[in-house]
Amino acid sequence: MHHEISKGLFDMFPMEDKTDFYSAYLYMKYADHFLHQGALSMGMAGREPKRKIDEALVEMIKFHIQEISEVGMSRETNVYHGKLVRTKDASQLVSQKGDLTLPLSESVVPFKLARDVILKNPESIAVGTCPCRMVSGNPCLPEPMEVCMFVGEPFASFIAEQNPYYRKTTQEEAVHIIETTHKQGCVHSAFFKKDMGNRFYAICNCCKCCCLGVKIWNMTGGSYPYFTASGYVSTVDASKCDGCGICADDLCPFNAISLDEEANIAVIDFEKCLGCGVCDSICPTGALQLRREPAKGEPLDIQALK
Ligand code: SF4
Ligand code: SF4
Ligand code: SF4
């Protein structure tokens, strides 16, 4: 059984990408160490992962991170990226019944590599303790922090078997996690990776305090282009905004909301807003709303794209 699941992962890669199997294996098996080394490579401190692994494995993980970052500066060559999705779109991705192959255009996922949704046995989902929060100095969620989800095969079975922090879950629980984390102010991202079969493989529910991806994005002002907007932006209805400032109080994961104190109104920075939807239901007067914005790409709404 043990080897069958690993062989399933190996078999997924076409001949020309067979060597990606080794990176996928390492990444899923040691996601906590991967995120820890990623943070160290950016000069961020954090907690050491609880489980110790061989130094040789750490060296391999460092090499893998270096490979990813070397090609990451351009959307032509980037191999590891996240498409922001609204709560509804994230829920659809974990509720699909039956296999689905949906090649996405660059207007949805504007990267040359790794942009297809290929769901094989999408009802097979693994959820695990978020590795970013595991290695963050002061994690924002209570234990067990199970908000990181691998969707479909061969990923879900592999990570549930090979990584002690992951377990199989149901589509209903996956939707529940997405809705709960939305209320906690988390961003949903659909992750795509070349080393994971050139396709979508995970839904993450991230915050700006622990998520390595969001932290690096904010630190570099988005100049390392591994996130792409949801296809929406947030807008303020001036007639409804009373300037209470709730939304401008460190809520936006990408620091796109401020308060114009003179005009007493919230202001959205169009460039910074990635349309994550975190602010969507937060305004007590209903002044903040997401609206479709073609300049922010096309949404990853699998029902509409089908
Ligand atoms: S990307 Fe998000 S959910 Fe995934 S491991 Fe990092 S913070 Fe956790
Ligand atoms: S929470 Fe609503 S009312 Fe308050 S500042 Fe923001 S948009 Fe305006
Ligand atoms: S302004 Fe709202 S929708 Fe835009 S990035 Fe911030 S929280 Fe997300």
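A brief structural summary. (Residues numbered from 1 in each chain as written. Chains lettered and ligands numbered in written order. Predicted model: local features only at pLDDT ≥ 70, side-chain atom pairs only at ≥ 80, totals over all residues. Heavy atoms only, no water.)

1. A word on the overall build of the chain
Our working definition: Put simply, DSSP H or I for four residues or longer makes a helix, DSSP E for two residues or longer makes a strand, and each gets a number counted from the N terminus. We compute the radius of gyration from the C-alpha atoms alone; for a globule the expected value is 2.2 Å times N to the 0.38, where N is the number of residues. Partly exposed residues are those whose accessible area sits between 20% and 50% of the maximum for their type, while under 20% is buried and over 50% is exposed, using a 1.4 Å probe and protein chains only. The contact criterion used is simple: two residues touch if any of their non-hydrogen atoms lie within 4.5 Å. Only four residue types enter the charge count, namely Lys and Arg as positive and Asp and Glu as negative; His and the chain termini do not. Lys charges are placed at NZ, Arg charges at CZ, Asp charges at CG and Glu charges at CD.
What the chain contains, in helices and strands, is 10 helices and 13 strands. A globule of 306 residues ought to have a C-alpha radius of gyration of about 19 Å, and the chain, at 19 Å, matches this closely. Oriented by its inertia axes, the alpha-carbon framework of the chain measures out at about 65 × 45 × 35 Å. Across the 306 residues in the chain, those meeting the buried criterion constitute 56%. Taking as baseline every contact in the chain between residues at least 6 positions apart, the subset at least 24 positions apart corresponds to 71%. Here the chain carries 31 positive and 39 negative side-chain charges, and the mean point of each set is 2 Å from the other.

2. Quick look at the site of ligand 3
Heads up, the condition is: If a single non-hydrogen atom of a residue is within 4 Å of a molecule or strand, that residue counts as near it. For this classification, the nonpolar set comprises Ala, Val, Leu, Ile, Met, Phe, Trp, Tyr, Cys and Pro, the charged set comprises Asp, Glu, Lys and Arg, and every other residue, Gly included, is treated as polar.
Around ligand 3, the structure places 14 residues, and the nearest of them are Cys252, Cys273, Cys276, Gly277 and Cys279. Across the shell around ligand 3, the residue classes break down as 11 nonpolar, three polar and no charged.

3. A short note on the pattern of salt bridges
Threshold: The salt bridge definition used is simple: a Lys or Arg side-chain nitrogen within 4 Å of an Asp or Glu carboxyl oxygen.
Across all of its chains, the model carries 16 salt bridges by this definition. Lys168 is the partner of Glu153 in a salt bridge, and the nearest nitrogen-oxygen pair spans 3.8 Å. Here Glu153, found in the loop between strand E5 (146–151) and helix H7 (155–162), pairs with Lys168, found in strand E6 (residues 166–169); they are 15 residues apart in sequence, far enough to count as distant. Given the relative accessible area of 12%, Glu153 is considered buried.

4. Regarding the environment of Ala287
By the element assignment, Ala287 lies in the loop between strand E12 (265–268) and strand E13 (288–292). Judged by its relative accessible area of 3%, Ala287 falls in the buried class. Once the C-alpha coordinates of Ala287 and Asp237 are considered, the two residues, 50 residues apart in sequence, prove to be 4.8 Å apart.

5. Examining the layout of surface pockets
Regions of empty space are outlined by a rolling probe, equal in size to a water molecule, passed over the atoms. For clarity, the threshold we go by: Only protein atoms enter the 1 Å grid, on which a cavity is a set of points fitting a 1.4 Å probe that cannot get out and a pocket is an open set with protein on both sides within 12 Å along at least 5 of 7 lines, lining residues being those with an atom within 4 Å of a point. Grid points are joined across faces, edges and corners, and a volume is the space filled by probe spheres set on the points.
Approximately 640 Å³ is the volume attributed to the largest pocket. In terms of lining residues, the largest pocket is bounded by 35 residues, among which Phe34, Leu35, Tyr80, Leu212 and Gly213 are the most central. The set of elements that each furnish at least two residues to the lining of the largest pocket consists of helix H3 (31–41), helix H4 (55–70), helix H6 (131–134), E5, strand E8 (199–206) and helix H9 (212–219). When its residues are assigned to classes, the lining of the largest pocket shows 27 nonpolar, seven polar and one charged. Empty space within the second largest pocket amounts to approximately 330 Å³.

6. Comments concerning the site of ligand 1
Note the following rule: Pocket or cavity membership: a molecule qualifies when more than half of its atoms sit within 2 Å of the grid points of that site.
In the vicinity of ligand 1, the residues found are Cys130, Pro131, Cys132, Arg133, Cys148, Cys204, Asn205, Cys206 and Cys211. Taken atom by atom, the bulk of ligand 1 overlaps the largest pocket. Elements that contribute at least two residues to the shell around ligand 1 include exactly H6 and E8. A breakdown of the residues in the shell around ligand 1 according to their chemical character gives seven nonpolar, one polar and one charged.

7. Observations regarding H3
Taken across its 11 residues, H3 has nine buried, putting it largely inside the fold. Regarding H3, the residues found buried are Ala31, Asp32, His33, Phe34, Leu35, His36, Gln37, Gly38 and Ala39. Where H3 is buried, its residues contact helix H2 (20–29), H4, strand E1 (80–85), H6 and H9.

8. Comments concerning the side chain of Thr129
Cut-off, in case you're wondering: In protein, a polar contact means a hydrogen-donor-capable atom and an acceptor-capable atom, both N or O and within 3.5 Å, with residues adjacent in sequence counting only if both atoms are side-chain atoms; elsewhere, any N or O pair within 3.5 Å suffices.
Looking at the element boundaries, Thr129 is found in strand E4 (residues 125–129). Only 2.9 Å separates the side chain of Thr129 from the backbone oxygen of Pro144, close enough to count as a polar contact. If we ignore the near neighbours within four places in the chain, the residues touching Thr129 are Met134, Pro144, Met145, Glu146, Tyr165 and Tyr166.

9. Some thoughts on the packing of aromatic side chains
Inclusion rule: Ring pairs shown here join Phe, Tyr and Trp side chains whose ring centres sit within 6.5 Å, with only the six-membered ring taken for Trp; geometry is labelled stacked below 30 degrees between planes, edge-to-face above 60, and tilted in between. Definition used: whenever NZ (Lys) or CZ (Arg) falls within 6 Å of the ring centre and also within 35 degrees of the ring normal, the charge is taken to sit over that ring.
Evaluated as defined, the whole model comprises 19 aromatic pairs. When the centroid spacing of 6.3 Å and the interplanar angle of 55 degrees are considered together, the rings of Phe191 and Phe227 count as tilted. Of the two residues, Phe191 sits in strand E7 (residues 187–193) while Phe227 sits in strand E9 (residues 227–228), which places them 36 residues apart along the sequence. Here the two residues Phe191 and Phe227 agree in accessibility, since each one is buried. Centre to centre, the rings of Trp217 and Tyr226 are 5.7 Å apart; their planes meet at 80 degrees, and the pair counts as edge-to-face. Comparing Trp217 with Tyr226, the two get one shared label, buried. Stacked on the ring of Tyr27, the Lys or Arg Lys193 has its end atom at 3.4 Å from the ring centre. The lysine or arginine in question, Lys193, covers the ring of Tyr80, its NZ or CZ lying 4.8 Å from the ring centre.

10. Some points on H4
Operational definition: Expected helix span is computed as 1.5 Å times (number of residues minus one). Our arc is simply the arc of the directions from the helix axis toward the C-beta atoms.
Between its first and last C-alpha atoms H4 spans 23 Å; for 16 residues at 1.5 Å apiece the expected length is 22 Å, and the two agree. Those residues of H4 lying buried are Leu57, Val58, Ile61, His64, Ile65 and Ile68. Along H4, the residues classed as buried sweep out an arc of 120 degrees about the axis, all on the same side. Looking at H4, the residues exposed on the side facing more than 90 degrees away from the buried face are Glu55, Phe63 and Glu70. Close packing links the buried residues of H4 with H2, H3, E1 and E7. Its side-chain oxygen 2.8 Å from the backbone nitrogen of Ala56, Asp54 forms the N-cap of H4.

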